[in-house]
Amino acid sequence: MFTFKQLTETNGFDINNLKNARQNSYAWSMTELGDYIYVGTSRNMITSITSSSNLGTTPPPSLITGLDNNAEIWRYKKDDTCPWEKVFKSNPSDEIYGFRAMITHKTNNQSAIYAASMGKNIHIFKSVDGIHWRKLNTSNIVGTSSRSLASFNGKLYLASLEEEIGGSTPYLYSSYDPEFEPFKLVINTNSKDFISSKNPVGGIDDLQVFNNNLYISIATPTGAEVWRSNNCNPKTNDWSLVGDKGFGDSKNLDVMSSGVFKNHLYIAVTKALPLSLFLPFGFDLIRIDKNDNWELVIGGKPLVPSYPTKGIRNKSISGFNSGINNYFNVYGWQIKEFKDNLILTTYDSSTNISTLLYGFTFNKDFYINKLGYENYSKLINSYKYIYSLLKKYNYPKGFDIYSSKDGINFRPVILDGLDNMQNYGGRTLYVSCEDKLYLGTANPFCGLEVWKIDYKNSPDNCWNQAMDDYFENLNKLNKELTKVYPTLIKLLGDTITKRL
């Protein structure tokens, strides 16, 4: 049985400044150092997404949480004896609105936290005590964001992305300690000896250490790929392809998360962004063994079938279709092993159906100009229909947590964002050295939450009638959703993917 304890008395941490607290939208990253858990935030996520996506629209006033986009880092004492404490706030001149990746890396017998930003440029901050933070020299790092850091074989690895333009360059850097040794490119695509078939070529979504190798998940126009280093010292022309072409569905373009459970590496792949944020399609879950064999754990009939170079898309071994039979589970957002359980959290886009409807209505003139009045009316009516279906089937809004004892058979732990529909994502999972699981939510409406989770074997952790009823209603909901999807695909497909 899982038990949950909420650690955030105030959403967004800042009990002394509620306006500031509400602006801490996501628990975007998490790590530990000594007696404390550290959380890096993203700020004003809805406003940030709208302003950076070139959609040309304006968020409705009630969705604007603030104008202070300077990211923060907070900490909490793990024995529960001290409240949340803000230990860092970025300088406005750095133009940082979030810390998307954070890790504790040990070098020269000293552990330190490294926090990587998202903003105009990538900045990395280091702290050995959790209080004082040093900005490191990152002038040679290309990109605006890092989604992933890894500590492997004594080195710190950083993957960077140019979020606005995408690109096909795998920016991967390493250093024993970037305070004293500059980051160096691991994969040099400009080398005269570079061989594309022996290297990942694409924007890096995720890094993971497994089987004494470094695994890289990349996004490509033909589908997500996973590569591994051939040994514990990754370098140019020394990589092996594990899976490609979206693992049998070419619409599986991005990897949202990965995690190691027992003898497999699990990869959660999602459909094309930003389209899947407007028109929900469920994620797929792949697992890879130590011999580079992959199989589909969660997933159904591919949207656009592809033929991977290695492996064949099988029927899901869990029996679940994409999204765990749920169109609204767009991301498998975090994967973590905890006390012999595989824990999987989701991003549930059902919460945003009313948000999107509100935004389309607020920006009515803009959308009529782009789509025409008749198509705009179809768009509004389609979202009203989806919203009515959620009510009709008493759909539990908010992110889900699923667990599995064997990595195959999954059962729901929670389905309602921990009793808060505005918690639309289980954004971070972190297992501390005391073997406690910490969860940070994505809640851009009233601020993030952090929870501590424990687990004890119990006969209560079994399938029951409520779960049967939930999945029966899901099946009915899915059938009715398919009636409106062709209209929305026609209206939004090209429009959204071309960013209006």
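Refer to the structure above for everything that follows.
K.L.:
Can you help me understand the overall build of the chain in this one?
P.N.:
If you tally the helices and strands in the chain, you get 8 helices and 28 strands. Here the C-alpha radius of gyration of the chain, 22 Å, is about what a compact globule of 500 residues would show, namely 23 Å. Its C-alpha atoms give the chain principal-axis dimensions of about 60 × 55 × 55 Å. Within the chain, counting contacts between residues at least 6 apart in sequence, those at least 24 apart form 58% of the total. Only carbon and sulfur atoms are counted for the fraction: they give 49% of the accessible area of the chain, which is about 20500 Å².

K.L.:
I'm lost on the sheet that holds strand S19 (residues 264-271) in this one. Help?
P.N.:
Within a sheet, each strand pairs with its neighbour through backbone hydrogen bonds, oriented either parallel or antiparallel. Strand order across the open sheet formed by 4 strands is S18-S19-S20-S21, with antiparallel pairing between neighbours. Strands at the two margins of the open sheet, each flanked by one partner only, are strand S18 (252-261) and strand S21 (294-298). Taking the axes of each pair of neighbouring strands and ignoring which way they run, one obtains an average angle of 30° across the sheet. As paired strands, S18 and S19 are joined by 8 bridges and run antiparallel to one another. In the sheet register, Gly259 faces S19, and the bridge partner there is Tyr266.

K.L.:
Explain the packing of aromatic side chains here, please?
P.N.:
Two descriptors summarise a pair of aromatic rings, namely the distance from one centre to the other and the angle between the planes of the rings. With the rule as written, the count across this model stands at 31 aromatic pairs. Ring centres 4.8 Å apart and planes at 50° place the aromatic pair Phe88 and Phe125 in the tilted group. With Phe88 in strand S5 (residues 85-89) and Phe125 in strand S8 (residues 124-127), this pair connects stretches of sequence that are 37 residues apart. Both residues of the pair, Phe88 and Phe125, count as buried.

K.L.:
Honestly, the pattern of salt bridges in this entry has me stumped. Any pointers?
P.N.:
Side chains that differ in charge, positive against negative, can pair when their charged atoms come close. This model, assessed by the stated rule, comprises 25 salt bridges. Of the charged contacts, one joins Lys476 and Glu472 as a salt bridge, the two residues approaching to 3.7 Å between their closest N and O atoms. Here Lys476 and its partner Glu472 are both found in helix H8 (residues 465-497), 4 residues apart, which amounts to about one turn of the helix. Given a relative accessible area of 39%, Lys476 falls into the partly exposed group. For Glu472, a relative accessible area of 43% corresponds to the partly exposed category. Through salt bridges with shared partners, one network takes in Arg43, Asp68, Glu72, Lys86 and Lys89.

K.L.:
Please explain the packing of helix H5 (residues 351-362) against helix H7 (residues 373-392) as it appears in this structure.
P.N.:
Axis angle and axis distance: for two packed helices, these are the angle between their axes and the distance between the axes, and together they describe the pair. In contact at an axis separation of 10 Å, H5 and H7 are set at 155° when each is read in the N-to-C sense. Here H5 lies roughly antiparallel to H7, going by the angle between them. Of the two elements, H5 crosses H7, and the hand of that crossing is left-handed. The segment H5 lies against H7, with Ile353, Ser354, Leu356, Leu357, Phe360 and Thr361 engaging Tyr376, Leu379, Ile380, Tyr383, Lys384, Ile386, Tyr387 and Leu390. Its residues placed into classes, the contact of H5 with H7 shows 11 nonpolar, 2 polar and 1 charged.

K.L.:
What is the right way to read unusual backbone geometry from this model?
P.N.:
If a residue is not glycine, its phi is most likely negative; likewise, a peptide bond is most likely trans. Unlike most non-glycine residues, Asn212 shows phi in positive territory, near 60°. Phi at Asp340 takes a positive value of approximately 65°, unusual for a residue other than glycine. Topologically, Asp340 is positioned in the loop between strand S22 (329-338) and strand S23 (341-348).

Conventions and cut-offs
- Residues numbered from 1 in each chain as written.
- Predicted model: local features only at pLDDT ≥ 70, side-chain atom pairs only at ≥ 80, totals over all residues.
- Heavy atoms only, no water.
- Helix = DSSP H or I, 4+ residues; strand = E, 2+ residues; numbered from the N terminus.
- Rg over C-alpha atoms; globule rule 2.2 N^0.38 Å.
- Contact = heavy atoms within 4.5 Å.
- Areas by Shrake-Rupley, 256 points an atom, 1.4 Å probe, with all protein chains shown as cover.
- Pairing = 2+ DSSP bridges.
- Axes fitted to C-alpha atoms, helices over the stretch in contact; angles between N-to-C directions.
- Phe/Tyr/Trp six-rings, centres within 6.5 Å; stacked < 30°, edge-to-face > 60°.
- Buried < 20%, exposed > 50% of the residue type's maximum accessible area, 1.4 Å probe, protein only.
- Salt bridge = Lys/Arg side-chain N within 4 Å of Asp/Glu carboxyl O.
- Parallel < 35°, antiparallel > 145°, perpendicular 65-115°, else oblique.
- Left-handed = near helix turned anticlockwise from the far one by under 90°.
- Nonpolar A, V, L, I, M, F, W, Y, C, P; charged D, E, K, R; others polar.

Honestly, that's just the spatial picture; any functional story needs more than this.
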